[in-house]
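Per-entry structural report
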Amino acid sequence: MIDPESVDIDSVAVDPDHCHRCGAELGTRTFEGREYPWCAGCELVLSRNPVPGVHVVVHDDDSVLLLDEPIPQHEGVWSLPGGHAKYDEGPKRAVVRELEEETGLRADPSNLRFLTILHAEFPRVALCLITYALERSEVSGELTPEAEGFEAAFRPLREVRASPDRIRESDLERIEMAFEG
Ligand SMILES: [Zn+2]
């Protein structure tokens, strides 16, 4: 067992191979009942943790703003605007910045309505997706997608509901929550 008083714990997002402080190969140690990657030289526990991400459901009474993902393996799948928060940025500022980068639309962080936090595990990272809702009437600017083939559009909710192969279940659930809001 490791004495929690005398070890350092660093948080990492991905499964680590080597110690990021000294470069040594990692072993494992049990700490507070769980097995963790461990650097003996640094007396360092590496704790793998989810990364916060942000998403926004921009909607009016019948449409929702969705992106057509440019990622080849997700061709044809719609996604909510959003991304990762920068180190020195809170979630509201992050989602407003991502919205403008991805769609050209501008918003005031104070108009964001908290919706939910979705925990999503992927092979390399886990995300806590802080999700906000925003009324379409509270955004300004022209809808101008950031890159070619990266289409942003308001789509009718009935079209989204009728296209289960184009929308992830977890995204549709959050969209429904925003409309119920
Ligand atoms: Zn080390």
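Residues numbered from 1 in each chain as written. Predicted model: local features only at pLDDT ≥ 70, side-chain atom pairs only at ≥ 80, totals over all residues.

1. Here we look at the overall build of the chain
If you tally the helices and strands in the chain, you get three helices and 11 strands. Counted from the first residue to the last, the chain has its helices and strands arranged as β-β-β-β-β-β-β-β-α-β-β-β-α-α. For the chain, the C-alpha radius of gyration of 20 Å lies well beyond 16 Å, the compact-globule estimate for 181 residues. Overall, the chain is about 55 × 35 × 30 Å in size when its C-alpha atoms are taken along their principal axes. (Helix = DSSP H or I, 4+ residues; strand = E, 2+ residues; numbered from the N terminus. Rg over C-alpha atoms; globule rule 2.2 N^0.38 Å.)

2. Overview of helix α3 (residues 169–180)
Between its first and last C-alpha, α3 extends 16 Å over 12 residues, near the 16 Å set by a 1.5 Å rise per residue. Here α3 has its buried residues at Asp171, Arg174, Ile175 and Ala178. The buried side chains of α3 occupy one side of the element, clustering within an arc of 100 degrees when seen end-on. What points out from α3, more than 90 degrees from its buried face, is the exposed set Glu169, Glu173 and Glu180. Residues of α3 that are buried make contact with β5 (51–59), β6 (63–68), β7 (78–79), β9 (113–121), β10 (126–135) and α2 (157–161). (Expected span 1.5 Å × (residues − 1). Buried ≥ 20, exposed ≤ 12 C-beta atoms within 10 Å, placed from the backbone. Arc of directions from axis to C-beta. Contact = placed C-beta atoms within 7 Å.)

3. With respect to the pairing of strand β1 (residues 8–12)
β1 sits mainly on the outside: zero of its five residues count as buried. Bridging between β1 and strand β4 (residues 44–48) involves five bridges; their strand directions are parallel. If you follow serine 11 over to β4, its bridge partner there is serine 47. (Pairing = 2+ DSSP bridges.)

4. Section: the domain arrangement of the chain
One can read the domain layout of the chain as domain 1 (8–48) and domain 2 (51–180). In this structure, domain 1 and domain 2 have C-alpha centres spaced 34 Å apart. (Domains from an automatic or database assignment.)

5. Description of helix α1 (residues 91–103)
Under the 1.5 Å per step criterion, the end-to-end length of α1 is 18 Å for 13 residues, consistent within 8% with the ideal 18 Å. Looking at α1, one finds that the buried residues are Pro91, Lys92, Ala94, Val95, Val96, Glu98, Leu99, Glu102 and Thr103. Buried residues in α1 make contact with β5, β6, β8 (82–84), β10 and β11 (152–156). Of the residues one or two after α1, glycine 104 is the one with positive phi, at around 85 degrees.

6. Observations concerning the environment of valine 56
Summarising the element assignment, valine 56 is placed in strand β5. Residue classification places valine 56 among the buried positions, given that 30 C-beta atoms sit within 10 Å. Distance in space between the C-alpha atoms of valine 56 and phenylalanine 114 is 9.3 Å, their sequence separation being 58 residues. Setting aside residues up to four positions removed in sequence, valine 56 forms contacts with Leu80, Pro81, Gly82, Val95, Leu99, Tyr132 and Leu134.

7. A few points about the sheet that holds β4
Strand order in this open sheet of four strands is β1-β4-β3-β2, and the pairing throughout is mixed. Every interior strand has two partners, whereas the edge strands, β1 and β2 (27–31), have only one. Taken pair by pair, the neighbouring strands of this sheet meet at an average axis angle of 45 degrees, ignoring direction. The pairing of β2 with strand β3 (residues 34–39) spans five bridges and is classified as antiparallel. Looking across to β3, one finds that threonine 28 is bridged to proline 37. (Axes fitted to C-alpha atoms, helices over the stretch in contact; angles between N-to-C directions.)

8. Examining the pairing of β5
Sheet topology places β5 next to β10; nine bridges connect them, and they run parallel. Looking across to β10, one finds that valine 54 is bridged to isoleucine 130. As judged from the three bridges shared by β5 and β8, these two strands associate in the antiparallel manner. Among the inter-strand pairings, glycine 53 is bridged to a residue of β8, identified as histidine 84.

9. A word on the nonpolar core
Among the nonpolar cores identified, the biggest contains 28 residues, and Val56, Val57, Val95, Tyr132 and Leu134 are the most heavily contacted of them. Those elements giving two or more residues to this core turn out to be β5, β6, α1, β10 and α3. Broken down by element, the residue count for this core peaks at five residues, all from β10. Residues Cys39, Leu44, Val45 and Leu46 belong to the second largest nonpolar core, which totals five residues. (Core = buried A, V, L, I, M, F, W, Y, C linked by C-beta atoms within 7 Å.)

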